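Spelled out from the first residue to the last, the chains are:
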Amino acid sequence: MTAPNPYKGRTGLDRIVRAAGHSADGLRAAYTGESAFRQEVWLAVILVPAAFWLGRSWVEVALLAGSVLLVMVVELLNSAVEAVVDRVSLERHELSKRAKDIGSAAVLMALLLCGGIWCGALWHRFAGA
């Protein structure tokens, strides 16, 4: 029988408060330690409010703002993968490279999706019907 995880015993409001603290720590670590995440935060500061101006319906606003937030979520996950890979070993290894490259590709896909949504919305608003 496996011993219970001592970190999993919290319940209720205590668990929620501690989880929020860990989330804040993660956001702070990403902001201070990851320049790409810092750039995306400042881009979000501009683009999320712009989504409310550009979007003509709540669906458009949700797509515009959500695509920006999705980029940040994927960047956080990519940074977490990179941290774990670096924690395991800093030596070059094909699996480490693959993990980091796949994380980077995920960020690229999120950026392309975000850019496509924003270009489509701008086109629809200013050049289309």
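Residues numbered from 1 in each chain as written. Predicted model: local features only at pLDDT ≥ 70, side-chain atom pairs only at ≥ 80, totals over all residues. Heavy atoms only, no water.

### Remarks on the overall build of the protein chain
Then, number 1: Within the protein chain, the regular secondary structure consists of 4 helices and 0 strands.
Then, number 2: Moving toward the C terminus, one meets the helices and strands of the protein chain in the order α-α-α-α.
Then, number 3: Taken against the 2.2 N^0.38 rule, which gives 14 Å for 129 residues, the C-alpha radius of gyration of the protein chain at 19 Å runs more than 25% over that of a compact globule.
Then, number 4: Counting only C-alpha atoms and orienting by the principal axes, one finds that the protein chain spans roughly 65 × 45 × 30 Å.
Then, number 5: By residue count, 22% of the 129 residues in the protein chain fall in the buried class.
Then, number 6: At a minimum sequence separation of 6, the contacts of the protein chain that also span at least 24 residues come to 65%.
Then, number 7: For the protein chain, the computed accessible surface area is about 9400 Å², with 68% contributed by carbon and sulfur atoms.
Then, number 8: In the protein chain, the 13 positive side-chain charges and the 11 negative ones have mean positions that sit 5 Å from each other. (Helix = DSSP H or I, 4+ residues; strand = E, 2+ residues; numbered from the N terminus. Rg over C-alpha atoms; globule rule 2.2 N^0.38 Å. Buried < 20%, exposed > 50% of the residue type's maximum accessible area, 1.4 Å probe, protein only. Contact = heavy atoms within 4.5 Å. Areas by Shrake-Rupley, 256 points an atom, 1.4 Å probe, with all protein chains shown as cover. Lys, Arg positive; Asp, Glu negative; His and termini not counted. Charge placed at Lys NZ, Arg CZ, Asp CG, Glu CD.)

### With respect to the state of the cysteines
Then, number 1: Applying the stated criterion across every chain, the model contains 0 disulfides.
Then, number 2: The cysteine Cys 114 is free of any disulfide, with Cys 119 supplying the nearest cysteine sulfur at 9.3 Å.
Then, number 3: Of the residues examined, Cys 119 reaches a relative accessible area of 53% and is grouped as exposed. (Disulfide = S-S within 2.5 Å.)

### A short note on the nonpolar core
Then, number 1: Leu 64, Val 68 and Trp 118 are the most contacted members of the largest nonpolar core, which totals 18 residues.
Then, number 2: Elements with a contribution of two residues or more to this core: helix 2 (35-54), helix 3 (58-88) and helix 4 (94-126).
Then, number 3: Not counting residues up to four positions away in its chain, the partners in contact with Trp 118 are Leu 47, Ala 50, Ala 51, Leu 54, Leu 64, Ser 67 and Val 68. (Core = buried A, V, L, I, M, F, W, Y, C linked by side-chain atoms within 4.5 Å.)

### Comments concerning the environment of Val 88
Then, number 1: Mapping Val 88 onto the fold places it in helix 3.
Then, number 2: Sequence separation between Val 88 and Asn 5 is 83 residues, and the spatial gap between their C-alpha atoms is 22 Å.

### Observations regarding the pattern of salt bridges
Then, number 1: Taken as a whole, this structure holds 4 salt bridges when the rule is applied.
Then, number 2: The residue Asp 86 makes a salt bridge to Lys 100 at a minimum N-O spacing of 2.6 Å. Linking Asp 86 in helix 3 with Lys 100 in helix 4, this pair joins segments that are 14 residues apart in sequence. (Salt bridge = Lys/Arg side-chain N within 4 Å of Asp/Glu carboxyl O.)

### A look at the packing of helix 3 against helix 4
Then, number 1: Two elements in contact, helix 3 and helix 4, have axes separated by 9 Å at closest approach and are oriented at 170°. The pairing of helix 3 with helix 4 is recorded here as roughly antiparallel in orientation.
Then, number 2: For the contact of helix 3 with helix 4, the residue count by class is 18 nonpolar, 5 polar and 4 charged. (Axes fitted to C-alpha atoms, helices over the stretch in contact; angles between N-to-C directions. Parallel < 35°, antiparallel > 145°, perpendicular 65-115°, else oblique. Nonpolar A, V, L, I, M, F, W, Y, C, P; charged D, E, K, R; others polar.)

### So, the packing of aromatic side chains
Then, number 1: Under the counting rule described, the total for this entry stands at 1 aromatic pair.
Then, number 2: The cationic tip of Arg 38 hangs over the ring face of Tyr 31; the distance from NZ or CZ to the ring centre is 6.0 Å.
Then, number 3: The ring of Trp 53 has Arg 125 lying over it, and the distance from NZ or CZ to the ring centre is 4.9 Å. (Phe/Tyr/Trp six-rings, centres within 6.5 Å; stacked < 30°, edge-to-face > 60°. Lys NZ or Arg CZ within 6 Å of the ring centre and 35° of its normal.)

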